[in-house]
Amino acid sequence: MLPRPPKAVIFDMDGLILDSEILYRKSVISAGEHNGLLVGASVYEGMLGQPWPNIARLLRDHYGDDFDADAFRVTWLEHFDQLMALELNLKAGVLALLDVLDQYDIPRAICTSSNHSQVQHHLADFGILPRFHRIIAQGDYAHGKPAPDPYLTAAAKLGVDPKDCLALEDSHNGIRSAASAGMMAVMVPDLLPPSDEIRAMATLIIDDLHQCCHFFEGQSLLQRG
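Cut-offs and rules
- Residues numbered from 1 in each chain as written.
- Predicted model: local features only at pLDDT ≥ 70, side-chain atom pairs only at ≥ 80, totals over all residues.
- Heavy atoms only, no water.
- Helix = DSSP H or I, 4+ residues; strand = E, 2+ residues; numbered from the N terminus.
- Rg over C-alpha atoms; globule rule 2.2 N^0.38 Å.
- Buried < 20%, exposed > 50% of the residue type's maximum accessible area, 1.4 Å probe, protein only.
- Contact = heavy atoms within 4.5 Å.
- Areas by Shrake-Rupley, 256 points an atom, 1.4 Å probe, with all protein chains shown as cover.
- Core = buried A, V, L, I, M, F, W, Y, C linked by side-chain atoms within 4.5 Å.
- Domains from an automatic or database assignment.
- Pairing = 2+ DSSP bridges.
- Salt bridge = Lys/Arg side-chain N within 4 Å of Asp/Glu carboxyl O.

If you look the protein chain up in an unreviewed UniProt entry, it shows as HAD family phosphatase from Allorhizobium terrae.

(A) The overall build of the protein chain, seen in detail. Secondary structure assignment for the protein chain yields 10 helices and 6 strands. Against the 2.2 N^0.38 benchmark of 17 Å for 225 residues, the protein chain shows a C-alpha radius of gyration of 18 Å, consistent with a compact globule. With the principal axes as the frame, the protein chain shows a C-alpha extent of 60 × 35 × 30 Å. Looking at the 225 residues of the protein chain, the share that counts as buried comes to 49%. Counting only contacts in the protein chain whose residues sit at least 6 apart along the sequence, the fraction spanning at least 24 positions is 66%. Total accessible area computed for the protein chain in this model is approximately 10,200 Å², and 50% of it derives from carbon and sulfur atoms.

(B) Main features of the nonpolar core. In this structure, Phe 11, Ile 17, Trp 76, Leu 97, Leu 123, Leu 168 and Phe 216 are the most contacted members of the largest nonpolar core, which totals 55 residues. Shared between two domains, this core takes at least three residues from each, and those domains are domain 1 (8-19 + 89-221) and domain 2 (21-87). Once residues lying within four places of it in the same chain are set aside, the contact partners of Leu 168 are Val 9, Ile 10, Phe 11, Asp 12, Leu 16, Leu 97, Tyr 151, Val 186, Leu 209 and Cys 212. The next biggest cluster of nonpolar side chains, apart from the first, holds 21 residues, and it includes Tyr 141, Ala 167, Ile 175 and Met 187.

(C) Region of interest: the sheet that holds strand β1 (residues 8-11). Read from one edge to the other, the open sheet built from 6 strands follows the order β3-β2-β1-β4-β5-β6, with strand pairing classed as parallel. Because the sheet does not close on itself, it has two edges, and the strands there are β3 (134-136) and β6 (204-205). With 3 bridges joining them, β1 and strand β2 (residues 108-111) adopt parallel strand pairing. Across the sheet, the residue bridging to Val 9 is Arg 108, located in β2.

(D) View of the pattern of salt bridges. This structure, assessed with the given rule, holds 12 salt bridges. A salt bridge links Arg 131 to Asp 99; its shortest N-O distance comes to 2.7 Å. One end of the pair, Arg 131, is in the loop between α6 (116-123) and β3; the other, Asp 99, is in helix α5 (residues 94-103), with 32 residues separating them in the sequence. Here Asp 102 ties to Arg 108 by a salt bridge, and the two come within 2.8 Å at their closest N and O atoms.

Next comes the structure, spelled out in structure tokens:
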């Protein structure tokens, strides 16, 4: 269990709410093939949980300083949008956890490296955006994950002390960000298993969001106390 009852919950989006990281991987590999490039695991895994400026820098480091990362991004997103239209789903336990948070009136936010238009586009068809009190996205903070800025911004927007926030993440950089913000950082692995570093940093590592529901058992008694 957690060291203290959460007073707010902050969700990553890709790979945590949305089963989208596998689609990012498929699309970046197919975009690479379209451009005659081999996109291996070392490239893709380095992109997980990163904002676009960091991804562009990683691509140039790998393919050379003259690599046109912005043009590659256009092709990549075309491939990604095609997959999203056909294969995007919510991750297991998202709706169940939101129901529990509604039951106990616990505030929650999304904290993502994506921009606001992507959040609106990706989540619109699932009808869950109104169930989040705040959306923290690219442009809302000075430095992206793994810096603590995104999660500190989310806590401030919710009006909750970071130490009382539960942060839910699937990526290593996300856990680094949440832990450095002083939050209870819980990893729900998606494509990458936790490393020894991440295991030491995370408050807990769990299988899916259904397990998070148990964190709030008896929450109404705790709130009254």
